[in-house]
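# Coordinate analysis (summary)
Below are the chains, spelled out letter by letter.
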Amino acid sequence: MITSLTVIYISPEMKSGDICSSEAVTGGENVFSCEPSDVSSADHLVVMVNGILGSSEDWRFAAEQFVKSHPDRVFVHRSEKNAASQTLDGVDVMGERLSQEVLEVIKQKPNLRKISFVAHSVGGLVARYAIGRLYRPPREKTEEMSAETFEEEKATIGGLVPMNFITVATPHLGSRGHKQVPFLFGVSALEKVAVLVIRWIFRRTGQHLFLTDDDEGKPPLLKRMLEDSGDCYFMSALRSFHRRVAYANVGYDRILGTLLWEDSVNEKYPHVVYEERCKACDLEQDSTKDDNTNDVEEELVTGLSRVSWEKVDVSFHNSRSRFAAHSVIQVKNYNLHTDGETVFNSCPAHTSLHLNVFLKLARNVYQEFKTKTQKLSMDLTLKSPPNLHYLSLTKTPNPFSSRLFLKPINSFKYITFKHQIYNKNSFISHPIRAQGLNHDKTPVENDEVEDDGFVLEDVPHLTNFLPDLPTYPNPLEHSQAYAIVKETFVKPEDVLAQQIVVQKGSPRGVHFRRAGPRKKVYFKSEEVKACIVTCGGLCPGINTVIREIVCGLNNMYGVNNILGIEGGYRGFYSKNTMELTPKIVNDIHKRGGTILQTSRGGHDTNKIVDNIQDRGINQVYIIGGDGTQKGAAAISKEVEKRRLHVAVAGIPKTIDNDIAVIDKSFGFDTAVEEAQRAINAAHVEVESVDNGVGIVKLMGRYSGFIAMFATLASRDVDCCLIPESPFYLEGEGGLYEYVQQRLKENRHVVIVLAEGAGQEYVSESANANVEKDASGNKLLLDIGLWLTQKIKDHFTTVKKIPINMKYIDPTYMIRAVPSNASDNIYCTLLAQSAVHGAMAGYSGFTVGPVNSRHAYIPIGRVTETTNVVKLTDRMWARLLASTNQPSFLNKPK
Ligand SMILES: Nc1ncnc2c1ncn2[C@@H]1O[C@H](COP(=O)(O)OP(=O)(O)OP(=O)(O)O)[C@@H](O)[C@H]1O
Ligand SMILES: O=P(O)(O)OC[C@H]1O[C@](O)(CO)[C@@H](O)[C@@H]1O
Ligand SMILES: [Mg+2]
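Residues numbered from 1 in each chain as written. Chains lettered and ligands numbered in written order. Predicted model: local features only at pLDDT ≥ 70, side-chain atom pairs only at ≥ 80, totals over all residues. Heavy atoms only, no water.

### Focus: the packing of helix α21 (residues 605–615) against helix α22 (residues 626–641)
Two elements in contact, α21 and α22, have axes whose closest approach is 10 Å; the angle formed by their N-to-C orientations is 60 degrees. Classified by the angle between their axes, α21 and α22 sit oblique to one another. Pair α21 / α22 crosses with right-handed handedness. On the side of α21, the interface is formed by T605, N606, I608, V609 and I612, while α22 contributes A634, I635, E638 and V639. Here the residues of the contact of α21 with α22 sort into six nonpolar, two polar and one charged. (Axes fitted to C-alpha atoms, helices over the stretch in contact; angles between N-to-C directions. Helix = DSSP H or I, 4+ residues; strand = E, 2+ residues; numbered from the N terminus. Parallel < 35°, antiparallel > 145°, perpendicular 65-115°, else oblique. Left-handed = near helix turned anticlockwise from the far one by under 90°. Contact = heavy atoms within 4.5 Å. Nonpolar A, V, L, I, M, F, W, Y, C, P; charged D, E, K, R; others polar.)

What follows is the structure, encoded as structure tokens:
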């Protein structure tokens, strides 16, 4: 409801550059620069949301600082719809109010183009709910849209471009059983009682935080907010932001305790370091947790990890204000930061810390996508004595999962929190660099390390949940094969950079563990019972991978007990297994397909893991595409939940080359090579007749890599059409015009078509329902037949030019061939790397080449996005330059 009108009043006494506030239409408060031109030029709306029992006043100081630092760009709205006791009405109710409030602001400010949120505490959950309501998916592509317009079609939040979503001390994992109840100060006994009276204390919000809500039998809201549901696009909305940043206190947060994912140093989350232990919080046993706490948290962590986050840990551990950390992190109290000297006169560093915290916040708000990799540490170096506080910055796409791989704090005797800050000139710590490489307890000399933006995206290890697992010397120590190798074992600190094209001074960026044999293994060879399963569509080389896993396990590690699971995932529980020995697999690499057979659908995590347990399997090798890898992640999670001594290794397989992070998938080269035969046949056919038009359809559901590379390799192709680059037929720059021109010039034309291209045209003309396969993948309509008919009709009926059409669909033939020589080598490396990884105790990883070297990659990383041809990259430009085909960017109106 509109309560008053926005008044932008600039009084004559005000100096240019001053900060103004006004009551907004919504009752909230707007903060903006009083520079006349700025009022209209500010196109970035920053919505600030307070936490439980708070009000818009809490953000006043920070709001003014934001506007001061970027007067011409930002318009801050401090939400006032959920203040004081209203914050107990429930996350959903508050979220609805906030979404309405934001829409009102947007309506009143037509200049706004971008939107960011900065939310404190429970306000972060409210903001997550609100964006779910405000999310507008990109429009469906229509024929009228030019390729350019379509490119620009992006999801919005209330019509604005989502920029930064920043939460400060937000209990994303809820508050259940973690001594986080305000006013109870982490005292277990009080908490126990509090749980019983939670409805009374925090009303609906308390139920949401403690996950005790049960609206009409629905799962708790925090769980529901991990998915899009109905018209609430919770996850899509979160994903749509360019950046998500989570600020957290590493200790002394009496409201949040230590349950923020990145900073818990307790029995449950022993992996995360760089926290001062909060004595009152961590040291006593927690008896308030119920048995389900782990499961629910796992679900929340997993769900939230599906989008990338950056995190900033803030510590006030030596500060007198530490007991107010939950508010201090928000820079809530104006006095603390302006005349803080009077409050903390013994400790002048506080002021600078507070300022740095929110300046960092401010930077996050303004930082735009393109510059987001800039060095994070620079703006946080404090000039004050280094023993008071620190900020630890981790720029990781997945802070939730980072806790899975970091070692328990007691493994890092050499690198303690204090050691780190006392030996540095800045307050910046390097959690991932410092700890991640210490997997085998080797100290990392990092005293001299600058914060250079290094991030290790590590893979989980069995010792994360089985800390006492014994190790054994790697049998490769005595292997004849490795006898003269200079370094038999991969050094624990060896990592591979994801980006190798960098600029001087750019952050070092994301790294993955280098694959290869480790000095110690976590399985006795004679106790290994391995199994191999193949899922999804076929691809050249699957048999080679099977062969090399079997031979690798046997020859390198002396493993004799290997089972083949037949018929994909469902084979675990519905089929017999087959024994796999080097002898049985000896020749299989010469055959296409998979000797184990494959299937789609039928993934049932529990049944599969039950079966793994029943059969006593302790190494699972899973070969398959993106769907299969998601299944592998679910299996490895379940294995962890049951604390089984079972390593789960994924080997990525896809003919489409659509798996993210890795250089390319196995079988791809073979497919491109095999496609040459079809293209060549088409070319021979069409150049032997008059006005020959050859169309070759290749695979590629969403990614046109095979078509692109086959075209580049062939040189006989005049035009390549892929799903990523929408094309059009009629008019200037269209396909008909180009075909006619090529016929005129050359008397023949060859078109290569990826099966996923132009699907919208076919479905429109066929008016067909979308069908799905057993795995839920959309079944494609035949664009090849459709295009053949369209071109035929156009030239014979409209243009009256007789043409000779030759349509070739070699799709399954290409997929079914055995792998070529280079793919065979590639498959061998993949298989051996997977074997080394599993023997070394890694689990829940995918193996694959990153910049030509094999790496262990967290499964989530390869499934969170799909590898597609980026039209803005050089390769597509090279293709256009090679074929000279139209770019289809300027579709006529
Ligand atoms: N999200 C998921 N969670 C668990 N299992 C999944 C998931 N998606 C797919 N699967 C399972 O993985 C297997 C293979 O999936 P899918 O048919 O999508 O092929 P794929 O592995 O993606 O390979 P490709 O697309 O290259 O043919 C199926 O058994 C399917 O049930
Ligand atoms: O084997 P199916 O179920 O016909 O699936 C074919 C699909 O599988 C793939 O080969 C791999 O996903 C796609 O290129 C193709 O669309
Ligand atoms: Mg797939």
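That shown, we press on.
### Thoughts on the UniProt feature "active site" (unreviewed entry) in the chain
In the UniProt entry, the feature "active site" (unreviewed entry) is given for D656. With respect to the secondary-structure elements, D656 resides in the loop between β24 (647–652) and α23 (668–687). You can call D656 buried: its relative accessible area is 8%. Not counting residues within four places of it along the chain, the set of residues in contact with D656 comprises M699, G700, R701, S703 and F705. (UniProt positions renumbered as here; feature names shortened; annotations may be inferred. Buried < 20%, exposed > 50% of the residue type's maximum accessible area, 1.4 Å probe, protein only.)

### Comments concerning unusual backbone geometry
The phi angle at A84 is positive, at roughly 45 degrees, despite the residue not being glycine. Of note, A84 is situated in the loop between β4 (74–78) and α3 (91–108).

### Regarding the site of ligand 1
Around ligand 1, 20 residues are found, and the nearest of them are G537, G601, D626, T628 and S775. At 2.8 Å from an oxygen atom of ligand 1 is found a side-chain nitrogen or oxygen belonging to R600. N777 is positioned such that a nitrogen or oxygen atom in its side chain is 2.9 Å from an oxygen atom of ligand 1. Considering every element that reaches the shell around ligand 1, the biggest residue donor is α22, with five residues. Of the residues belonging to the shell around ligand 1, the class tally is two nonpolar, 13 polar and five charged. Of the domains in this structure, domain 2 (520–662 + 819–843) and domain 3 (668–817 + 872–883) are the two that each give at least three residues to the shell around ligand 1. (Near = heavy atom within 4 Å. Polar contact = N/O pair within 3.5 Å; in protein donor to acceptor, adjacent residues only side chain to side chain. Domains from an automatic or database assignment.)

### Describing the site of ligand 2
Surrounding ligand 2, one finds R600, I655, D656, M699, G700, R701, E755, Y812 and R815. One nitrogen or oxygen atom from the side chain of E755 is found 2.6 Å from an oxygen atom belonging to ligand 2. For the shell around ligand 2, the per-class residue count stands at three nonpolar, one polar and five charged. When residues of the shell around ligand 2 are assigned to domains, at least three fall in each of domain 2 (520–662 + 819–843) and domain 3 (668–817 + 872–883).

### Some remarks on the packing of aromatic side chains
Within the structure shown, the criterion is met by 12 aromatic pairs. Between Y135 and Y233 the ring centres are 5.1 Å apart and the planes differ by 45 degrees, which places this aromatic pair in the tilted class. Taken as a pair, Y135 in strand β6 (residues 135–136) and Y233 in strand β10 (residues 232–233) lie far apart in primary sequence, 98 residues in all. On the numbers, 5.4 Å between centres and 65 degrees between planes, the contact of F727 with Y761 is edge-to-face. Taken together, the residues span a long stretch of sequence, with F727 in the loop between β26 (719–721) and α25 (735–746) and Y761 in helix α26 (residues 759–766) at a distance of 34 residues. Grouping residues by exposure puts F727 and Y761 together as buried. (Phe/Tyr/Trp six-rings, centres within 6.5 Å; stacked < 30°, edge-to-face > 60°.)

### So, a negative patch on the surface
Taken together, the side chains of E143, E144, E730 and E764 present a region of like negative charge at the surface. Here E143 lies in the loop between β6 and α5 (147–152). (Patch = residues over 30% accessible without salt bridge, like charges linked within 9 Å, V, L, I, M, F, W, Y side chains within 5 Å. Areas by Shrake-Rupley, 256 points an atom, 1.4 Å probe, with all protein chains shown as cover. Salt bridge = Lys/Arg side-chain N within 4 Å of Asp/Glu carboxyl O. Lys, Arg positive; Asp, Glu negative; His and termini not counted. Charge placed at Lys NZ, Arg CZ, Asp CG, Glu CD.)

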